[in-house]
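Structural overview
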Amino acid sequence: METHYINWMVLREYCQKLLETQGMPEDEALITADSLVEADLCGVESHGVSRMTIYLKRLEEGVVNPVCEIKVEREYPGSALINACNSMGMVAGIRIMQKCIDKAKESGSCFIAVNHSNHFGMAFYYVKMATQQNMVGITMTNAPPNIAPWGSYRPYMGTNPVAIGVPTNEEPIILDMAPSVVAMGKVILAAKLGNSIPEGWALTADGRPTTDASEGMKGTVLPIGGPKGYGIALFVDILCGILSGAQFGPYLGNMWNDFTNPQNLGHVFCCIDISKFLPLEIFKEKVGQIKRDIKALPKNPGVDIIFMPGEIEWTRAMERREKGVPLSDTVYKELKQLGEKYRVGFTLCKEEK
Ligand SMILES: NC(=O)c1ccc[n+]([C@@H]2O[C@H](COP(=O)([O-])OP(=O)(O)OC[C@H]3O[C@@H](n4cnc5c(N)ncnc54)[C@H](O)[C@@H]3O)[C@@H](O)[C@H]2O)c1
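Given the structure is predicted, the values throughout are model-derived calculations rather than measurements.

Section: the overall build of the chain
- In terms of helices and strands, the chain carries eleven helices and twelve strands.
- Taken over C-alpha atoms, the radius of gyration comes to 20 Å for the chain, in line with the 20 Å a tight globule of 353 residues would show.
- With the principal axes as the frame, the chain shows a C-alpha extent of 55 × 55 × 50 Å.
- Residue burial in the chain is summarised as follows: out of 353 residues, 50% are buried.
- Long-range contacts, defined here as pairs at least 24 residues apart, represent 65% of the contacts in the chain between residues at least 6 apart.

Below is the structure:
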C-alpha cells in the first residue's frame, strides 16, 4: 500500500485548522493536533491523526466541549480533584499536568484525579512534559471496556494505560503501556486498513481467539500476563474512575458509537519533584548508570540493541521529524475528505521522502 510522507508541522497545522472549524480556539486546536502528530511521530499510529475523523465528529455532534474549562473541585497542597467539564482530553490533560508540576514544585509531590474528561490520546505526551521539567511523571486513564476480567470473555475494563517517566542527562526514560497485549486502537487501525492481526492479540465477542481485526474489535484484547494485566486495568479504573468521581468500566461513554452522552472518563496525573529527595544531578547520573549497565549486558541471539522503555518511540520521532510522518493511503485519503467536508484547504500534497 502506498505511503505518504508528510512534514510533521504541515500535518499538525492541517489538523489544527480542521479542529478550529468545530469551535476549538487556536491554541487548544494546536495542543490537540500536536498530541496526535506526536503519536504518529513516535510510531503510535493508533493514537495519531487517524483519530481526526472521530474527534471532529464528536465535536460536530456537540458531545465534547470545544472550549476547555477546568474546575478545581477540591485542592490541598499535594493533591487536587479536577472536573475537566467535558473538554477535549488533550487540552485538559496538558493544563492539569502543568498544574500538577507546579504544585509538586511547592509540596514535593502531587496527585491529581480528574473526572468528566474525554479520550486523552497517548499517555507518553503528559509524562514527557513532566520529565522536561525535571519531575518524575506518572499518568493513567480509564477507557471504555475492551479487556475481560481473567476468567471471563465479556469486556469490563478498558485498555487503561499507565505511563511513567524520569528525566536523564539524555532523553527521558518513559514506559507507556496498556495492560493489554496491544492497545485496542491497534486492532481498530488494522481493521480500518484491512489488515489481519497476530494471534494472541484478541478474542471474538464469544471468546474465541481471532486474527480477524474486525472480529477482534467486537470482542476483547487480551490482558498482558493474564490475571496480572487484568489486575492493572482494574486498579487504573478504581483510581481514574472511582477515586476521581468519573465513570468506570462499562458505565463509561463509548467514543466510537455513543454520540449522545459525554464519555465522563477519569485520569490521574502525578508528579514527584526529584530535587526534594536528592540532588537532581545525582539522580540523573545514577539513572544514566542503569542505562549504561543495561546497554552493556550480553544480548540474546539476533538482538542488536537493548532498548530502554520509550527509546524506540523517541528515536523514531527524531527520524520522522527529519524524514516526514508516514501516512497510509487510507488515512491520507480520510484526511483529504475531512478537508473537503469541513472546507479546509488540503495542504498535505507536498510529500517528502
Ligand atoms: N487513551 C487511551 O484510552 C489509551 C488506551 C490504551 C492505550 N493508549 C496508548 O496507546 C499506546 C500504545 O500502547 P501499547 O501498550 O500498545 O504500547 P507498546 O506495546 O507499543 O509499548 C509499550 C511500552 O513498551 C516499550 N517497549 C516496546 N518494545 C520495547 C523493547 N524492545 N525494549 C524496551 N521497551 C520496549 C515502549 O517503549 C513502551 O513504553 C500508548 O501510547 C498508550 O498510552 C491510550
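Overview of the domain arrangement of the chain
- The assigned domain composition of the chain is domain 1 (1-60 + 324-353) and domain 2 (67-180 + 223-296).
- Centre-to-centre, using C-alpha coordinates, domain 1 lies 24 Å away from domain 2.
- If you list the elements that add at least two residues to the side of domain 1 that touches domain 2, you get α2 (26-42) and α3 (52-60).
- Sort the elements by how many residues they give to the side of domain 1 that touches domain 2 and α2 lands first, with eight residues.
- Looking at side-chain class alone, the side of domain 1 that touches domain 2 contains eight nonpolar, four polar and three charged residues.

Considerations on the packing of helix α1 (residues 8-20) against α2
- Here α1 crosses α2 at 135 degrees, and the two axes come no closer than 8 Å. Looking at the two axes, α1 sits oblique to α2. As for how α1 packs across α2, the hand of that crossing is right-handed. Residues Trp 8, Leu 11, Arg 12, Cys 15, Gln 16, Leu 19 and Glu 20 of α1 pack against Glu 26, Ala 29, Leu 30, Thr 32, Ala 33, Asp 34, Leu 36, Val 37 and Leu 41 of α2.
- Looking at the contact of α1 with α2 residue by residue, the classes come out as ten nonpolar, two polar and four charged.

Re the site of the ligand
- Around the ligand sit 26 residues, and of these Ala 123, Ala 143, Ala 178, Ala 183 and Phe 307 come closest.
- If you list the elements that add at least two residues to the shell around the ligand, you get β7 (173-177), α6 (184-193) and α10 (311-323).
- Among the elements that line the shell around the ligand, the one with the most residues is β7, at three residues.
- Along the lines of polarity and charge, the residues of the shell around the ligand split into 16 nonpolar, seven polar and three charged.

Thoughts on the nonpolar core
- Counting 106 residues, the largest nonpolar core has Cys 15, Cys 100, Ile 112 and Val 187 as the members making the most contacts within it.
- Here this core takes nine residues from helix α4 (residues 89-107), the largest share from any one element.
- Mapped onto the domain boundaries, this core takes at least three residues apiece from domain 1 (1-60 + 324-353) and domain 2 (67-180 + 223-296).
- Every residue in contact with Cys 15, bar those within four places of it in the chain, is listed here: Ala 33, Leu 36, Val 37, Val 49 and Met 52.

Some thoughts on the sheet that holds strand β3 (residues 79-83)
- Taken together, the seven strands give an open sheet; going across it, the order is β2-β3-β4-β11-β5-β6-β7, and neighbouring strands pair in mixed fashion. Here the strands that pair on one side only, and so sit at the sheet edges, are β2 (71-76) and β7. On average, each strand axis in the sheet is inclined to that of its neighbour by 10 degrees, with strand direction left out of account.
- Here β2 runs beside β3; their pairing, made up of five bridges, is antiparallel. Its bridge partner being in β3, Glu 75 is matched across the sheet by Ala 80.
- Of the strands in this sheet, β4 (109-117), β5 (135-141), β6 (162-166) and β11 (265-273) are in contact with helix α8 (residues 227-243), which crosses β11 at around 95 degrees.

Considering the environment of Leu 348
- Inspection of the secondary structure puts Leu 348 in the segment after α11 (329-342).
- Separated by twelve residues in sequence, Leu 348 and Lys 336 have C-alpha atoms that sit 8.1 Å apart.

What to know about the environment of Gly 249
- By the secondary structure assignment, Gly 249 is in the loop between α8 and β11.
- We classify Gly 249 as buried; it has 21 C-beta atoms within 10 Å.
- Setting aside anything within four residues of it in sequence, one finds Gly 249 in contact with Pro 145, Tyr 156, Met 157, Asp 237 and Gly 241.

Observations regarding helix α9 (residues 280-295)
- Under the 1.5 Å per step criterion, the end-to-end length of α9 is 22 Å for 16 residues, consistent within 8% with the ideal 22 Å.
- Counting buried positions along α9 gives zero out of 16 residues, so the element sits mostly on the surface.

Overview of α11
- When the terminal C-alpha atoms of α11 are compared, their 20 Å separation across 14 residues agrees well with the 20 Å that a helix rising 1.5 Å per residue should span.
- Along α11, the residues classified as buried are Val 331, Leu 335 and Leu 338. For α11, the arc enclosing every buried residue in end-on projection is 55 degrees, short of the 170-degree limit, so these residues lie on one face. Among the exposed residues of α11, those oriented more than 90 degrees off its buried face are Asp 329, Gln 337 and Glu 340.

Parameters and conventions
Residues numbered from 1 in each chain as written. Predicted model: local features only at pLDDT ≥ 70, side-chain atom pairs only at ≥ 80, totals over all residues. Helix = DSSP H or I, 4+ residues; strand = E, 2+ residues; numbered from the N terminus. Rg over C-alpha atoms; globule rule 2.2 N^0.38 Å. Buried ≥ 20, exposed ≤ 12 C-beta atoms within 10 Å, placed from the backbone. Contact = placed C-beta atoms within 7 Å. Domains from an automatic or database assignment. Nonpolar A, V, L, I, M, F, W, Y, C, P; charged D, E, K, R; others polar. Axes fitted to C-alpha atoms, helices over the stretch in contact; angles between N-to-C directions. Parallel < 35°, antiparallel > 145°, perpendicular 65-115°, else oblique. Left-handed = near helix turned anticlockwise from the far one by under 90°. Near = placed C-beta within 6 Å. Core = buried A, V, L, I, M, F, W, Y, C linked by C-beta atoms within 7 Å. Pairing = 2+ DSSP bridges. Expected span 1.5 Å × (residues − 1). Arc of directions from axis to C-beta.

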